[in-house]
Amino acid sequence: MQNTVSAALATSQHNKRELARRAGVSASTVTRIQQGSIDPTLGTARKILAAAGLQLPAFPEPLCDPTLIRAARSILSEQPFLAEDSEKVEELMRWSSRDGAPNPRGLAREAGRSAPAPLRPGSITVRTDWSTLRVFSTIAATRSGWAASGSSAAAAIGAEETSGPTLIYAENQRAATRVVEDHSAGSHQFILLPFDGFSENGAWHRGGITWADPLQIIMDCYGMEETVSQAEQLTSTWQQEHRND
């Protein structure tokens, strides 16, 4: 709830001491929550938000936490994870383990479902009558970094083709979006996402196309209903190896 308290402080007309008084808690409690020293109860968080003129959503909202994908990529590639991701790593391992044993496919599935591409910050969805290859070549012509993921990328690394969305991570998202939006009206769906410092890492080139890292592609596909089957195909050997361990 630390982010909740920070948001309350940022939007409130009151300083920390006044906000604490209005919420009926001590100023030190607010400070400790903001610093991450303690985790407030739901009731305390509600009081602080109310004191700032805010409230928690009346209904649960879909989880969208792209940093869970970053944590999952570290685990699956057996690379050191960032210290700030330690809680995410523990969370994913707890969600995906079965009888105490980590399940790689389950881990990828949990991370992907927790960060659906259409819900990520800066996500832009467009439709066009252009072919995928034409969109790729036109975006490449912007001479800025990019990487393809989603359905087309899954097919490129071995999954069966589907009609699901194609994701494009773009360093210059504005230019990439403008290219596609100039021709938006059709059945081909593209989701354009800005570089976030990790989703675009591990990109590789083949056939004049820049593809996202295979682990990123798999988790991106798990995050969209239309492409889950592709992710399942790409991780079928993981499941078999997990059962044989």
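Quick summary incoming for the structure in this document. (Residues numbered from 1 in each chain as written. Predicted model: local features only at pLDDT ≥ 70, side-chain atom pairs only at ≥ 80, totals over all residues. Heavy atoms only, no water.)

## Focus: the overall build of the chain
Moving on, step 1. Helices and strands together make up the secondary structure of the chain, namely 13 helices and six strands.
Moving on, step 2. Counting all 245 residues of the chain, 42% fall into the buried class.
Moving on, step 3. At a minimum sequence separation of 6, the contacts of the chain that also span at least 24 residues come to 68%.
Moving on, step 4. When the accessible surface of the chain is totalled, it reaches about 13100 Å², and 48% of it is carbon and sulfur.
Moving on, step 5. One finds the centroid of the 23 positive side-chain charges in the chain at a distance of 8 Å from the centroid of its 27 negative side-chain charges. (Helix = DSSP H or I, 4+ residues; strand = E, 2+ residues; numbered from the N terminus. Buried < 20%, exposed > 50% of the residue type's maximum accessible area, 1.4 Å probe, protein only. Contact = heavy atoms within 4.5 Å. Areas by Shrake-Rupley, 256 points an atom, 1.4 Å probe, with all protein chains shown as cover. Lys, Arg positive; Asp, Glu negative; His and termini not counted. Charge placed at Lys NZ, Arg CZ, Asp CG, Glu CD.)

## Describing helix α4 (residues 42-51)
Moving on, step 1. Of the positions making up α4, those classed as buried are T44, A45, I48, L49 and A51. Along the axis of α4, the buried positions cluster into a sector of 160°, meaning they face one direction only.
Moving on, step 2. Positive phi appears at G53, one or two residues downstream of α4, with a value of about 80°. (Arc of directions from axis to C-beta.)

## Some points on unusual backbone geometry
Most of the time, phi is negative for any residue but glycine, and the peptide bond is trans.
Moving on, step 1. Positive phi outside glycine occurs at E78, with the angle close to 55°.
Moving on, step 2. By the element assignment, E78 lies in the loop between α5 (67-76) and α6 (86-96).
Moving on, step 3. Phi at R143 takes a positive value of approximately 60°, unusual for a residue other than glycine.
Moving on, step 4. Looking at where R143 falls in the secondary structure, it is placed in the loop between α8 (132-140) and β2 (146-150).

## Topic: the packing of α5 against helix α11 (residues 214-222)
Moving on, step 1. Running from N to C, α5 and α11 cross one another at 130°; their axes reach a closest spacing of 10 Å. By the criterion of interaxial angle, the relationship of α5 to α11 is oblique. As α5 runs across α11, the sense of the crossing is right-handed. On α11, the residues touching I69, A72, R73 and L76 of α5 are L215, Q216, M219 and D220.
Moving on, step 2. Tallied by class, the residues present in the contact of α5 with α11 amount to five nonpolar, one polar and two charged. (Axes fitted to C-alpha atoms, helices over the stretch in contact; angles between N-to-C directions. Parallel < 35°, antiparallel > 145°, perpendicular 65-115°, else oblique. Left-handed = near helix turned anticlockwise from the far one by under 90°. Nonpolar A, V, L, I, M, F, W, Y, C, P; charged D, E, K, R; others polar.)

## Focus: the packing of aromatic side chains
Here a ring pair, both rings aromatic, is described through the centre-centre distance and the interplanar angle of the planes.
Moving on, step 1. Evaluation of the coordinates by the stated rule reveals two aromatic pairs.
Moving on, step 2. Ring geometry for F136 versus W146: centroids 5.4 Å apart, planes at 40°, classification tilted. Residue F136 is located in helix α8, and its partner W146 is located in strand β2; the two are separated by ten residues in the primary sequence.
Moving on, step 3. Here F136 and W211 contribute two aromatic rings whose centre-to-centre distance is 5.8 Å and whose plane-to-plane angle is 90°, an arrangement assigned as edge-to-face. Note that F136 is positioned in helix α8 and W211 in strand β6 (residues 209-211), a separation of 75 residues in sequence.
Moving on, step 4. Using a relative accessible area of 8% as the deciding quantity, one classes W211 as buried.
Moving on, step 5. By way of ring pairs, the aromatic residues F136, W146 and W211 are connected into one cluster.
Moving on, step 6. When the ring centre of W130 is taken as origin, the NZ or CZ atom of R134, which lies over that ring, is 4.1 Å away. (Phe/Tyr/Trp six-rings, centres within 6.5 Å; stacked < 30°, edge-to-face > 60°. Lys NZ or Arg CZ within 6 Å of the ring centre and 35° of its normal.)

## Topic: the pairing of β2
Moving on, step 1. Of all five residues making up β2, five are buried, and the element is well covered by its neighbours.
Moving on, step 2. Neither face of β2 is left uncovered, since the one carrying W146, A148 and G150 and the one carrying A147 and S149 both have all their residues buried.
Moving on, step 3. Bridging between β2 and strand β3 (residues 166-170) involves five bridges; their strand directions are antiparallel. Bridged to A147 within β3 is Y169. (Pairing = 2+ DSSP bridges.)

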